[in-house]
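Here are the chains, one letter per residue:
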Amino acid sequence: MTRALKTTYVLVILALLLAPLVIVAAVSLNGPQSLRFPPVDPSLRWYGELFRQSEWLVPLRHSLVIAACAAALAVAIALPLALYVWERRGIAAKALTGMGLAPFALPPVISALGFMIFWMTLGGYGRIYATIISHGIFLVTLPLVTISLGLKGIDRSLIEAARVMGAGRWGVFRTVILPLLIPYMVSGYAFAFVLSLNEYIIAYMVAGFTVETLPIKIFNALRYGYTPILAVVSVIFAALSALIFGLIGRFGNLPRLLGAERSQHD
Amino acid sequence: MSATSVQTATPRWLGLWPAAMLTLFFLVPFGIMLAVSVAHRDVSGFYEWSFEWDSYARFLSAFFGKVMAVSISVSLTAAAICVALAFPFTVFLSNMGHRAQTRILVVLLSALALSEVIIGFSLSTLLSQTAGIGNLFHWLGLIDEPRAYTPSLFALITGLCYIGFPFAVLVLYPPVSRLDPEIVEAARVMGASGPRAFFGVIVPNLRGAIVGAFILVFVFTLGSYLLPQLLGRSEHWTLSVHITDQAVYQSNLPFGAAMSVFLMLVALALVGLASLAGRERGAA
């Protein structure tokens, strides 16, 4: 196949992925409360409306708080896990890695039901901290993968050098390992943050009736018919994800983070 | 390795905190779920501890058989479409420059991270009567009246492909980008045309990776919960939807838990199979 044909194929698929979002972005500009394409009376009215109506602001705040805390918890569990597993090969290391990867590999409804029954039994059902912990555990996989990747790239001789100069374990960690890991921790945090923001089923089953997150609010609102605010929220969420991943791509090496070994910066 | 085994860079106690957290909040919930799946259903909405196979026995019903058939056939179709589209896409992608790859990966990740609720809403808008492609077809003179294409099986499979495609690319990306470009180069030098090099060299070398990706995308779409409700009709509801329906709306936690345990076993077996397939060939 020629180069032009390959590029066309890639671009057509990307266009298909973007098509629904383009329609939604256009629909969000409708002046009256209707979903029309092309938009009628284009205005930014509903963007302002989102930040005035508390029925949307409260879920937005819930989502942001949950995502920020859950991603921090995920990193706080993944960092020691990755450090422990690094250079260890025993059963304990294998079991820990398996537990770190499993929640994400299984269909999420399984974890969701597990968490729901767990919090019902223990009494956290319907509380925001239950959602935060559940998301934190569910998303451990992402920082675990990025931090392990960072550890794999650390040059052993750096650590040896620091040791020869008299640094203890803590000194080596603080002056050599940690600075090299920070970019991977940040990208792991960002991945977990975005996915928590968009997660529905766990948030719904753990505390859906009391702690409404934005995806839950959108789903509930859909049942009562369409309003352009739904489109506004979708546009903002898509833009936020693209911004965060764009920043990782700009300041980090996204192809390497996702498993390509050959790709280098131009 | 030998020099470092004297002193590893990290102390042993470091493993305690993640082990405690994952045991308490991941293993224990699974244990409780297992216990609930054999508990006795209490009509008041919860359950009483006991040991009975009643919930599992319901798997033999026609209802459950139909749910499984729908879930599996819908997910298989979507997974096949996704991998067929994603494989050439990934091969082309991995041959691009670093900057182009980064940009495309940002688009894919953003699409993948998007909440199913937003994807469902966007697609139902795209397929709707007032703002959708029906308008476009009407304007082009292809159909007499603008019409809606949702809810339908077509809409549901489109939605599953939308979430499955970026996932398929990301699963295929590591093995494809690790494929030695010299193999393809050698085939070209020996006179193989582009398509022949593709089907004769690239595809066979990555057979394991393709099978692995197919299984993982299948498990991934099997987990979709919102799309069947937003884009499909109630007869298209998948196992994930029924699990939630039983647990939250029918107040039958034991049956929901039993279905969940079943889904977990199926998913674990498939994920294990996928990693075997990926190891066998291609993932050098």
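Computed from a predicted model, the values in this text were never measured in an experiment. In this convention, every chain numbers its residues from 1, walking through the sequence in written order. Chain A is the first chain written and ligand 1 is the first ligand written, with later ones labelled in order. Local features are withheld for residues below a pLDDT of 70 in this predicted model, meaning they are given only at 70 or higher, and side-chain atom pairs are given and counted only at 80 or more; totals for whole chains, interfaces and linings count all residues. No hydrogens and no water enter the side-chain calculation; it runs on all heavy atoms of the structure.

**Details of the overall build of chain A**
To be explicit about the condition: Under the DSSP-based scheme used, a helix requires at least four consecutive residues in state H or I and a strand at least two consecutive residues in state E, with every element numbered from the N terminus. Exposure is judged per residue with a 1.4 Å probe applied to protein chains only, and the accessible area is read against the type maximum: over 50% gives exposed, under 20% gives buried, and values in between give partly exposed.
Secondary structure summary: chain A contains 13 helices and 0 strands in total. Taken from N to C terminus, the helices and strands of chain A fall in the order α-α-α-α-α-α-α-α-α-α-α-α-α. With the principal axes as the frame, chain A shows a C-alpha extent of 70 × 60 × 35 Å. Per-residue burial over chain A gives 55% buried out of 266 residues.

**Let's talk about the state of the cysteines**
All names here are of chain B. Put simply, the rule is: A pair of cysteine sulfur atoms is labelled a disulfide when the two atoms are within 2.5 Å.
Taken as a whole and judged by the stated rule, the model has 0 disulfides over all chains. Unpaired in this structure, C161 has its nearest cysteine sulfur neighbour in C82, at a distance of 4.3 Å. Taking relative accessible area as the criterion, C161 reaches 14% and is therefore assigned buried.

**Re the side chain of S234 of chain A**
What counts, and what does not: Residues are treated as being in contact if the distance between any of their heavy atoms lies within 4.5 Å.
Mapped onto the elements, S234 of chain A comes out in helix α12 (residues 228–251). Once you skip the residues sitting within four places of it in the chain, S234 of chain A turns out to touch V24 of chain A together with I118 and F121 of chain B.

**Observations concerning a nonpolar patch on the surface**
Formally: Nonpolar side chains (Val, Leu, Ile, Met, Phe, Trp, Tyr) are joined into patches within 5 Å and like charges within 9 Å, using only residues with over 30% relative accessible area and no salt bridge. Note on areas: these come from Shrake-Rupley sampling with a 1.4 Å probe, and a residue is covered only by the protein chains present in the view. Each reported salt bridge corresponds to a side-chain nitrogen of Lys or Arg within 4 Å of a carboxyl oxygen of Asp or Glu.
Taken together, the side chains of L136, W139, L140 and L142 of chain B make up a nonpolar region of the molecular surface, amounting to roughly 510 Å² of accessible area. Its place among the elements puts L142 of chain B in the loop between α6 (133–140) and α7 (153–178).

**Points about the side chain of N30 of chain A**
Residues and elements named next belong to chain A. Here N30 lies in the loop between α1 (3–27) and α2 (45–50). Judged by its relative accessible area of 0%, N30 falls in the buried class. In this structure N30 touches L35, R36, P39, V40, D41, W46 and P228, once residues within four positions along its chain are discounted.

Nothing here speaks to function; it is geometry throughout.
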